[in-house]
Amino acid sequence: MPWIEANANVAVTLTVNGVSHRLELDARVTLLDALREHLRLTGTKKGCDHGQCGACTVLVNGRRINSCLSLAAMHGADNITTIEGLGTTDALHPLQAAFVAADGLQCGYCTAGQICSAMGMLEEWRAGWPSHVGEHAPAEAITAAEIRERMSGNLCRCAAYPRIVEAIQRYAGDEGAST
Amino acid sequence: MMPFEYLRAGNEADALQAAADRPDARFIAGGTNLLDLMKLGIERPPQLIDIGGLDLRTMAETPDGGLRIGALVTNAELAAHPLVRARYPLLSQAILAGASGQLRNKATTGGNLLQRTRCYYFYDPASPCNKREPGTGCAAIGGFNRIMAILGTSAHCIASHPSDMAVAMRALDARVETRQRDGQMEVRALDALYRLPGETPHIDHTLAPGELITAVVLPAPLNGRQRYRKVRDRASYAFALVSVAATLAVEDGMIVQAAMAFGGVAPMPWRDRTAEALLIGQTPSQALFERCADAVTAEAQGQGGNDFKITLLRRTLAACLTDLTGNVP
Ligand SMILES: Cc1cc2nc3c(=O)[nH]c(=O)nc-3n(C[C@H](O)[C@H](O)[C@H](O)COP(=O)(O)OP(=O)(O)OC[C@H]3O[C@@H](n4cnc5c(N)ncnc54)[C@H](O)[C@@H]3O)c2cc1C
Ligand code: SF4
Ligand code: FES
Ligand code: FES
């Protein structure tokens, strides 16, 4: 592949929530800005733009990342899932429903990031990935202490933390019961 | 962010060729450090070579019982790998004590080693900083220096190296494999990757322009137990004020092997062979750990705001060795 000149656009095909979009972007455009400003998927939020808050969390090939610290041009081969791909206002994803039921938000600015992060986090849990808290068997139910540690990359300025933890734990429990 | 030329390299040869063609180009792996700094105008590479598509994502056992870790293995994959958890728990613990789940999914082995300091003045383009703008001075000396280093500093820079992973790797005697732009392979011990600031704090490492890290190789682990202990300002998602990585083997009540490295206290993951030698052949005791801490901090120098790190390092070292030996008198 040749060099893309500094002021020329990069052609990149982003696959977001199962739909492919062919875009011509300045190479400096982050994945976050491509989603929000170019694809108008504004569910994903920009908090700090520096990897410090987690508001911009999306799933890339099922793994959670901060979309603000990645270039859109780096994701041509990936499957990206945003909050819009998880549920809709009419058909909430069970984890979204759990956030509503547990009152896991106040202003809601961090919520999309919390939910995408929790989806990735629970996948990591089921894969048996350890955390700073310790090791576990993949089938074990997740504890509040584990949720707090594993979700520490998502800040909530309203400090809805106790209910965020509750929402995730409820959802994980229901999910565990149904599988 | 300054405009840059961009190339997504398809393989290692392309990446090295691109680096040879553009001597000022920088590699981008996870991007979690480089993009952060580019957004602030602190890093201004005229070209980026995206190495995300290179085949450097594998982990494999080496014939002598060690482990070769591809430069693009993510921090999350490395920490969760069964072989790492079984044989190098110290490394898994160190990675999991750093950053966040999201960042660890993106951060790579090579990028983590080369991440730059979190010195506040380095991050603030309005402040003098010899690391960012050579010759402008160091705002941290005489300034707010709570997080700065106490060992290996110079009159020109007192910044600390922020990596947790690199501290564990230093204790584990990691070696770094690279390729020069001409394809020549090089191997160096991890400490030889880094430079102390001296009079040129703007140069963090010893890689030549365009030299690509391809892998980190760990030798077979030492006998005994391993532990990474990190002290930070909040319980999670914060850089180390002080950290200690240690492996210790005790036989018949006597320490027979010891390796230790220290984070948050120096411009590179720090190691002190004198302090290690002092432990060998001894019975673990708090008095022994004190003598070991004396050796480690013999040359330590605070700058006011970070004086507390000298005591914190001593205590974290003693606590870590106590974790490894059990509660000794
Ligand atoms: C909010 C926040 C909190 C964090 N907390 C911690 C923490 O507690 N502990 C910790 O250890 N880290 C922490 N980090 C830092 C994080 O670990 C690093 O940003 C990450 O490891 C860098 O890896 P990367 O692949 O994204 O590097 P990149 O940003 O892609 O690259 C970093 C540097 O390495 C060079 N490079 C990358 N790969 C290669 C290669 N193969 N060969 C040659 N050069 C290469 C690049 O040119 C660049 O100069 C934190 C980061 C953030 C944003
Ligand atoms: S300590 Fe180093 S990085 Fe920080 S201001 Fe001084 S020269 Fe810059
Ligand atoms: S906007 Fe990406 S982490 Fe804050
Ligand atoms: S609900 Fe307001 S930031 Fe979390």
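Please read these numbers as outputs of a predicted model, since none were measured by experiment.

A. Molecular detail of empty space enclosed by the protein. All names here are of chain B. Counted by the stated rule, this structure contains four cavities of 30 Å³ or more. By volume, the largest cavity is sized at about 130 Å³. Residue composition of the lining of the largest cavity, by class: nine nonpolar, four polar and four charged. What the second largest cavity holds in volume is close to 110 Å³. Elements with a contribution of two residues or more to the lining of the second largest cavity: α3 (75-80) and α6 (101-106). Classifying every residue of the lining of the second largest cavity gives six nonpolar, three polar and four charged.

B. Layout of the sheet that holds strand β6 (residues 175-179) of chain B. Residue and element names in this part refer to chain B. Ordered by their spatial adjacency, five strands build an open sheet running β4-β5-β8-β6-β7, and the pairing between neighbours is antiparallel. The sheet is open, and its two edges are formed by β4 (59-61) and β7 (185-189), each paired on a single side. Between one strand axis and the next, the sheet turns by 20° as a mean value, whatever way the strands run. Here β6 pairs with β7 via five bridges, running antiparallel.

C. Molecular detail of the site of ligand 1. Residues in close proximity to ligand 1 total 36 residues, the closest being R26, F27, G31, T32 and T108 of chain B. With respect to ligand 1, its neighbouring residues span chains A and B. Here G30 of chain B contributes a backbone N or O atom positioned 2.9 Å from an oxygen atom of ligand 1. Backbone polar atom of I213 of chain B to a nitrogen atom of ligand 1: 2.8 Å apart, as the coordinates give it. Expressed as a share of its isolated accessible area of 980 Å², the protein-covered part of ligand 1 is 96%. Mapped onto the shell around ligand 1, the elements with two or more residues apiece are β2 (26-28), α7 (109-113) and β8 (212-218) of chain B. In terms of residue class, the shell around ligand 1 is built from 16 nonpolar, 15 polar and five charged.

D. Focus on unusual backbone geometry. Positive phi values are uncommon outside glycine, yet A159 of chain A reaches one of about 55°. One can find A159 of chain A in the loop between α5 (144-150) and α6 (161-178). Assessed through its relative accessible area of 45%, A159 of chain A is described here as partly exposed. Positive phi, close to 45°, is recorded for D252 of chain B, a residue that is not glycine. The topology assignment puts D252 of chain B in the loop between β10 (242-251) and β11 (254-263). You can call D252 of chain B exposed: its relative accessible area is 83%.

E. Here's a closer look at the pairing of strand β1 (residues 9-16) of chain A. All names here are of chain A. Judged from the eight bridges that link them, β1 and strand β2 (residues 19-26) form a sheet pairing that is antiparallel. Residue T13 lies in a different strand from β2, and its bridge partner there is R22. Between the end of β1 and the start of β2, which pair antiparallel, lie two residues, with N17 showing a positive phi angle near 50°. By the bridge criterion, two bridges tie β1 to strand β5 (residues 79-81) in an arrangement that is parallel. Of the residues in β5, the one forming a bridge with V16 is I80.

F. Spatial organisation of the interface of chain B and chain A. Contact residues are listed per partner, giving 43 residues for chain B and 41 residues for chain A. Between chain B and chain A, roughly 3,500 Å² of surface is buried when both sides are summed, and carbon and sulfur atoms account for 58% of that area. Area buried by chain B at its contact with chain A is led by Y6, K39 and Q102 of chain B, which between them contribute 21% of it. Applying the counting rule to chain B against chain A returns two salt bridges. Note that R85 of chain B is salt-bridged to E135 of chain A, the shortest N-O span being 2.7 Å. In this assembly, chain B and chain A are joined by 18 residue pairs in polar contact (both at pLDDT 80 or more). If you list the elements that add at least two residues to the side of chain B that touches chain A, you get β1 (5-8), α2 (34-39), β3 (47-50), α3, α5 (89-96) and α6 of chain B. Among the elements that make up the side of chain B that touches chain A, the one with the highest residue count is α6 of chain B (five residues).

G. Focus on the layout of surface pockets. Looking at the second largest pocket, its volume works out to about 470 Å³. Around the second largest pocket, the lining is made up of 22 residues, and of these V60 and D78 of chain A together with R57, N105 and K106 of chain B lie nearest the centre. Breaking the lining of the second largest pocket down by element, the ones donating at least two residues are β4 (63-66) of chain A together with α3 and α6 of chain B. Class assignment for the residues of the lining of the second largest pocket results in eight nonpolar, seven polar and seven charged.

H. Inspection of the side chain of T74 of chain B at higher detail. Residues and elements named next belong to chain B. By secondary structure assignment, the location of T74 is in the loop between β5 (67-70) and α3. Using a relative accessible area of 8% as the deciding quantity, one classes T74 as buried. Those residues in contact with T74, other than ones at most four positions away along the chain, are R104, N105, A107 and T108.

Basis of the calculations
- Residues numbered from 1 in each chain as written.
- Chains lettered and ligands numbered in written order.
- Predicted model: local features only at pLDDT ≥ 70, side-chain atom pairs only at ≥ 80, totals over all residues.
- Heavy atoms only, no water.
- 1 Å grid on protein atoms, 1.4 Å probe; cavity = no way out; pocket = protein on both sides within 12 Å on 5 of 7 lines; lining within 4 Å.
- Points joined across faces, edges and corners; volume = space filled by probe spheres on them.
- Nonpolar A, V, L, I, M, F, W, Y, C, P; charged D, E, K, R; others polar.
- Helix = DSSP H or I, 4+ residues; strand = E, 2+ residues; numbered from the N terminus.
- Pairing = 2+ DSSP bridges.
- Axes fitted to C-alpha atoms, helices over the stretch in contact; angles between N-to-C directions.
- Near = heavy atom within 4 Å.
- Polar contact = N/O pair within 3.5 Å; in protein donor to acceptor, adjacent residues only side chain to side chain.
- Areas by Shrake-Rupley, 256 points an atom, 1.4 Å probe, with all protein chains shown as cover.
- Buried < 20%, exposed > 50% of the residue type's maximum accessible area, 1.4 Å probe, protein only.
- Contact = heavy atoms within 4.5 Å.
- Buried area = accessible area lost by both parts, 1.4 Å probe.
- Salt bridge = Lys/Arg side-chain N within 4 Å of Asp/Glu carboxyl O.

This is a description of form; function is not addressed.
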